[in-house]
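In case you want the letters, here they are:
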Amino acid sequence: MARPVTLFTGQWADMSLETLAEKASSWGYDGLELACWGDHFNVQKALREDDYCEKRKEILAEYDLKVWSISNHLVGQAVCDLIDERHKEILPEHVWGDGDAEGVRQRAADEMKDTARAAAKLGVEVVNGFTGSSIWSKMYSFPPNLPGTIDEGYQDFADRWNPVLDVFDEVGVRFGLEVHPTEIAFDISSAQRAVDALDGREAFGFNYDPSHFGYQGVDYVQFILEFGDRIYHAHMKDVWWTDELKRAGVFGGHLEFGHEDRCWDFVSIGRGNIDFDRVIRALNRIGYQGPLSIEWEDSGMDREFGAEESCQYVKDIDFTPPSAAFDSAFSDKE
C-alpha cells in the first residue's frame, strides 16, 4: 500500500491545531507531523497532564488524521550551537532562561530528553529535529581552521547528544536529524562523520529531505542508498536551482528567500528540480514504510493552495514496490 501523506505543521504554527487539522483533512492528508511549537504539541504539557496526548489525538481523529512523528527543530538547534540573541526568538522561555550560553545548551538538551519522553507518551517512535553545530561558522574558514578544530566540533556534538540519545533508547524512540546547512551534518560526508562520532548508535538517524541537498550539488538519491537503515522519516520538499550565473550564489548573498537574484529557492513540491520519481524508487529500494511528510515552503505561492496541491502530487507519485520481478511470469510453467 502507498505510504501515508502527512503535513509538517512547523510552517503553520500561527493556526491552532484544530483549525489546521480541519484544513489538512479537507486537502486530503492522512495525518500531521506535529511541531513542538505554537499550540500543536507542548512537550511539558504532554508530560504534566495525564490526558494531554489523548486530547491531541482526539482532535486529529475528529478529522480522520493520525500522527506518526513529532518534531522539535527549534530546541534541538540550541543543543550544540554558539548561542546568541537569535535563539531567544525561537526557544521556549524556560529553555532560554537568563540567556547564559552554556545554560541554554544544557536546558535545550534536557528539553530534547523530555521530547523523547513526550513522544513515547503520545505513542510515536520518531522525533525529528536539528542538532545545532559549534563548527558551522568554520564551514568555509579563513584564516584556515587549526588542526583538530573540526574533530573537536564532532566530539562536542557526541558529548552533548549521547546523553540525550540515552533517553531516546530508554523510551524506545529514535531521533531523525534533518540534514541541513547550519547542522552538524549538511551533506553525505558530514552525515557519515556524525554517525561515526556517535559510534553508529541506532538511536540516531535521519529525517530525509532532498531539498537541502540538490542546490548544494549533493547526490540526494545516493544519500538514501548510503543511509537506508537510518532513514527514520522522510520530508517531501522541493527546491529550484539554476545553472545560469546569478548575482547571489549557493550562500544566498544575504538575500531573503524569493529574491530574484538568488540562484536557488524552495518551491512547492513538483515545481522544482528534485526528481521525486527517483526519490520514491530509492525509498522503495531501502524498504522505507513511514510517512511522506510535506514540508511546504514557497515564498511565491499561497500556502493553502500549495498544501492542497502538494498532497495530491505526492499521492500521485508514490507507488508500492513490486512483490516479484516484472518478467517472472515468463518462468511460470503450466
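Residues numbered from 1 in each chain as written. Predicted model: local features only at pLDDT ≥ 70, side-chain atom pairs only at ≥ 80, totals over all residues. Heavy atoms only, no water.

S.K.: When you look at the pattern of salt bridges in this model, what are you seeing that I'm missing?
M.R.: A side chain with one charge can pair with a side chain of the opposite charge if their charged atoms come near. With the rule as written, the count across this model stands at 22 salt bridges. Residue Asp277 is joined to Arg281 by a salt bridge in which the shortest nitrogen-to-oxygen separation is 2.8 Å. One end of the pair is Asp277 and the other is Arg281, both in helix α11 (residues 276–285) and four residues apart, which spans about a single turn. Three or more residues joined by partner-sharing salt bridges are found here, namely Glu102, Arg105, Asp156 and Arg160. (Salt bridge = Lys/Arg side-chain N within 4 Å of Asp/Glu carboxyl O. Helix = DSSP H or I, 4+ residues; strand = E, 2+ residues; numbered from the N terminus.)

S.K.: For this particular structure, what's the right way to read the pairing of strand β1 (residues 5–8)?
M.R.: Remark: a regular strand shows side chains that alternate across the two faces of the sheet. Alternating positions in β1 separate into two faces, Val5 and Leu7 on one and Thr6 and Phe8 on the other, with burial throughout. Bridge analysis of β1 against strand β10 (residues 292–294) gives three bridges, and the strand direction is parallel. Of the residues in β10, the one forming a bridge with Thr6 is Ser293. For β1 and strand β2 (residues 31–35), the ladder comprises three bridges, and the chain directions are parallel. Residue pairing in the sheet places Thr6 in a bridge with Gly31 of β2. You can see the chain leave β1, run along helix α1 (residues 17–27) and come back into β2, and the turn it takes is right-handed. (Buried < 20%, exposed > 50% of the residue type's maximum accessible area, 1.4 Å probe, protein only. Pairing = 2+ DSSP bridges. Right-handed = clockwise from strand over helix to strand, strands pointing away.)

S.K.: How do you make sense of the packing of α1 against helix α3 (residues 52–62) when you look at a structure like this?
M.R.: When two helices pack together, you describe them by how their axes are tilted relative to each other and by the distance separating the axes. Contact geometry for α1 and α3: axes closest at 9 Å, N-to-C directions at 30°. Considering their axes alone, α1 and α3 lie roughly parallel with respect to each other. As α1 runs across α3, the sense of the crossing is right-handed. Seen from α1, the contacting residues are Leu17, Glu18 and Ala21; seen from α3, they are Arg56, Ile59, Leu60 and Glu62. (Axes fitted to C-alpha atoms, helices over the stretch in contact; angles between N-to-C directions. Parallel < 35°, antiparallel > 145°, perpendicular 65-115°, else oblique. Left-handed = near helix turned anticlockwise from the far one by under 90°. Contact = heavy atoms within 4.5 Å.)

S.K.: Any chance you could explain the sheet that holds strand β4 (residues 126–129) here in plain terms?
M.R.: By definition, the strands of a sheet pair up through backbone hydrogen bonds, in either a parallel or an antiparallel sense. With parallel pairing, eight strands are arranged side by side around a closed barrel as β1-β2-β3-β4-β5-β6-β7-β10. Sheet twist, expressed as the mean angle between neighbouring strand axes with direction ignored, is 30°. As paired strands, strand β6 (residues 204–208) and strand β7 (residues 231–236) are joined by three bridges and run parallel to one another. The partner of Asn207 across the bridge, within β7, is His233. Contacting β4, β5 (174–177) and β6, helix α8 (residues 149–171) crosses the sheet at an angle of about 140° to β5.

S.K.: It is not clear to me how unusual backbone geometry should be interpreted in this structure. Could you clarify?
M.R.: Negative phi characterises most residues that are not glycine, and trans characterises most peptide bonds. Going from Phe142 to Pro143, the amide bond is cis rather than trans, its omega being 0°. Note that Pro143 resides in the loop between β4 and α8. For Asp199, which is not glycine, the phi dihedral falls at a positive 55°. Tracing the chain through its elements places Asp199 in the loop between α9 (188–197) and β6. Look at Asp199 and you get exposed, because its relative accessible area is 72%. Although it is not a glycine, His254 sits at a positive phi angle of roughly 55°.

S.K.: Just checking my understanding: could you explain α3 for this structure?
M.R.: Along an α-helix, residues three or four positions apart point the same way, because every turn accommodates 3.6 residues. Of all the positions in α3, only Tyr52, Cys53, Arg56, Ile59 and Leu60 are classed as buried. On an axial view of α3, the arc spanned by its buried residues comes to 120°, and they lie on one face. Residues of α3 that are exposed and point more than 90 degrees away from the buried face comprise Glu58 and Glu62. Where α3 is buried, its residues contact α1, β2, α2 (43–48) and α7 (101–122). (Arc of directions from axis to C-beta.)

S.K.: How do you make sense of the packing of aromatic side chains when you look at a structure like this?
M.R.: Centre distance and the angle of the planes are the two values used to describe a pair of aromatic rings. Summed over all chains, the structure comprises 21 aromatic pairs. Joined through ring pairs, the aromatic side chains of Phe157, Trp161, Phe168, Phe175, Phe204, Phe206, Tyr208, Phe213, Phe223 and Phe227 make up one cluster. Above the ring of Tyr232, the side-chain terminus of Arg174 is found at 4.0 Å from the ring centroid. Taking NZ or CZ as reference, Lys237 lies 3.6 Å from the ring centre of Phe266, over its face. (Phe/Tyr/Trp six-rings, centres within 6.5 Å; stacked < 30°, edge-to-face > 60°. Lys NZ or Arg CZ within 6 Å of the ring centre and 35° of its normal.)

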